[in-house]
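Observations on the model geometry
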Amino acid sequence: MSSTAVRTRGRFRGGAGLGLVAWLAGIVFFLPIAWMALTSFHSETDAATNPPSWGAALTLDGYREFFGAGGGASPWPALINSTVASVTSTLLVLVLALPAAYALSIRPVKKWTDVLFFFLSTKMLPVVAGLLPIYLFAKNAGMLDNIWLLVILYTSMNLPIAVWMMQSFLSEIPVAVVEAAQIDGARLPTVLTRVVAPIALPGIAATALICFIFSWNELLFARVLTGVVAETAPVFLTGFITSQGLFLAKVCAASLVISLPVLAAGFAAQDKLVQGLSLGAVK
């Protein structure tokens, strides 16, 4: 057998082995979600069995109770609050991060690496360390249980990582394209919206998706700074764990419903996410 054939067979075996590992890793990560989804369609009695009863009868009681059919609280205010806080903060982050990333990549300022390190260093502070000062500020400002306080917090929390990501995306844009637009008379707002943004759209989509996920899943600040009016979906979910016990089927149904927006957004933008992350990582 020739050396070329041996190398080809070795590459085939190596590729098959990596593919098998990838499938196994995917199954390992998917199994808990499948288990949660199946449990959400079981009755509380069947959901509490150990080991789990895979062949138990299916029912929608968990979803009916989650949506308030049994006289419980409605989840819609919490879902709306999470949507408002996540979408609004993500849009604000994109509006602020795009010109900042432009200044650090296409038209870099002096010591731009120090600026990027400063942005990233703000993420090194433990969240719980800033909880008390923010709580006292919100209390004195009369902003407790206010959804717009969460919008401000989520924007400030996600802005450093968004600037960091978008800087790597925008650094891939040829400077000659921007200079050509400026020679044609385009000003900075036009350059950002009609030249830079369309080229960096995959990176912007990836950044927006990550910011949306971080905002939607945030629990600590929402738990401490909100009450009834501005309660978010993760906080509403924790309300199912009571002193009366853990209603597993109902919790699984609630977890699946609350996870659907993130799963749907990730599925819809998966091509942009992969393309955007590759754009910022491959030189």
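In what follows, the structure referred to is the one given above.
Read on for an overview of the structure. (Residues numbered from 1 in each chain as written. Predicted model: local features only at pLDDT ≥ 70, side-chain atom pairs only at ≥ 80, totals over all residues. Heavy atoms only, no water.)

**A word on the overall build of the chain**
Counting secondary structure elements, the chain contains 14 helices and two strands. Counting only residues that meet the buried cut, the chain has 34% of its 283 residues in that class. Put simply, of all contacts in the chain between residues at least 6 apart along the chain, 75% involve residues at least 24 apart. With an accessible surface of roughly 16,400 Å², the chain has 71% of that area assigned to carbon and sulfur atoms. (Helix = DSSP H or I, 4+ residues; strand = E, 2+ residues; numbered from the N terminus. Buried < 20%, exposed > 50% of the residue type's maximum accessible area, 1.4 Å probe, protein only. Contact = heavy atoms within 4.5 Å. Areas by Shrake-Rupley, 256 points an atom, 1.4 Å probe, with all protein chains shown as cover.)

**Side note on the environment of Leu256**
By the element assignment, Leu256 lies in helix α13 (residues 248-268). In this structure Leu256 comes out as buried when scored by relative accessible area, which is 15%. Spatially, the C-alpha atoms of Leu256 and Tyr63 are 9.7 Å apart, while their sequence positions differ by 193 residues. Apart from the residues within four sequence positions on either side, Leu256 is in contact with Met36, Ala37, Ser40 and Tyr63.

**What about the packing of helix α7 (residues 147-170) against helix α10 (residues 201-217)?**
Across the interface, α7 lies against α10 with an axial gap of 10 Å and an inter-helix angle of 155 degrees. Viewed along their axes, α7 and α10 adopt a mutual orientation that is roughly antiparallel. Considering the relative orientation of α7 and α10, their crossing is right-handed. In this structure, α7 uses Tyr154, Asn158, Ala162, Met165, Met166 and Phe169 to contact α10, whose residues at the interface are Gly203, Ile204, Ala206, Thr207, Ile210, Cys211, Phe214 and Ser215. Here the contact of α7 with α10 is composed, by residue class, of ten nonpolar, four polar and no charged. (Axes fitted to C-alpha atoms, helices over the stretch in contact; angles between N-to-C directions. Parallel < 35°, antiparallel > 145°, perpendicular 65-115°, else oblique. Left-handed = near helix turned anticlockwise from the far one by under 90°. Nonpolar A, V, L, I, M, F, W, Y, C, P; charged D, E, K, R; others polar.)

**Digging into the nonpolar core**
Counting 27 residues, the largest nonpolar core has Leu98, Tyr102, Met166, Leu170 and Val196 as its most contacted members. Broken down by secondary-structure element, the contributors of at least two residues to this core are α4 (76-105), α7, α8 (175-183), α9 (188-199) and α10. At seven residues, α4 tops the list of elements feeding residues into this core. Not counting the four nearest positions on each side in its chain, Leu170 is found in contact with Leu98, Ala101, Tyr102, Ser105, Ile106, Val196 and Ala200. One finds Trp216, Ala253, Val257 and Ile258 within the second-largest nonpolar core, a separate group that totals 16 residues. (Core = buried A, V, L, I, M, F, W, Y, C linked by side-chain atoms within 4.5 Å.)

**Regarding α9**
If you check α9, its first and last C-alpha atoms are 15 Å apart, about what twelve residues at 1.5 Å a residue would give, namely 16 Å. Those residues of α9 that fall on the buried side of the exposure criterion are Val191, Leu192, Val195, Val196 and Ala197. Against the buried residues of α9 lie α4, α7, α8 and α10. (Expected span 1.5 Å × (residues − 1).)

**Here we look at the packing of aromatic side chains**
As enumerated under the stated definition, the model contains five aromatic pairs in all. Relative to Phe67, the ring of Phe66 has its centre 4.9 Å away and its plane inclined at 75 degrees; by these criteria the two rings are edge-to-face. What makes Phe66 buried here is its relative accessible area of 0%. Overall, the relative accessible area of 34% leaves Phe67 in the partly exposed class. (Phe/Tyr/Trp six-rings, centres within 6.5 Å; stacked < 30°, edge-to-face > 60°.)

**Overview of α13**
Here α13 contains 21 residues, and its C-alpha end-to-end distance of 29 Å stays within 8% of the 30 Å for a straight helix at 1.5 Å per residue. Of all the bends in α13, the largest measures some 40 degrees and sits at Leu260, one to four residues before the proline Pro261. (Bend = angle between axes of the 7 residues up to and from the residue.)

**With respect to unusual backbone geometry**
One non-glycine residue, Asp145, adopts positive backbone phi at about 60 degrees. With respect to the element layout, Asp145 can be found in the loop between α6 (131-140) and α7. With relative accessibility at 23%, the residue Asp145 sits in the partly exposed group.

**Topic: the side chain of Thr90**
Looking at the element boundaries, Thr90 is found in helix α4. Once residues within four sequence positions are removed from consideration, Thr90 is found in contact with Ala208, Cys211 and Phe212.

**So, a nonpolar patch on the surface**
Taken together, the side chains of Leu20, Trp23, Leu24, Ile27 and Leu31 define a hydrophobic patch exposed on the protein surface, amounting to about 570 Å² of accessible area. By the secondary structure assignment, Leu24 is in helix α1 (residues 3-40). Judged by its relative accessible area of 48%, Leu24 falls in the partly exposed class. (Patch = residues over 30% accessible without salt bridge, like charges linked within 9 Å, V, L, I, M, F, W, Y side chains within 5 Å. Salt bridge = Lys/Arg side-chain N within 4 Å of Asp/Glu carboxyl O.)

**Some words on the environment of Ala254**
Structurally, Ala254 can be placed in helix α13. Looking at Ala254, the relative accessible area reads 0%, which means it is buried. As for Ala254 and Phe67, which are separated by 187 residues in sequence, their C-alpha atoms are 8.7 Å apart. With residues up to four places along the chain from it excluded, the contact list for Ala254 reads Phe66, Leu237 and Phe240.

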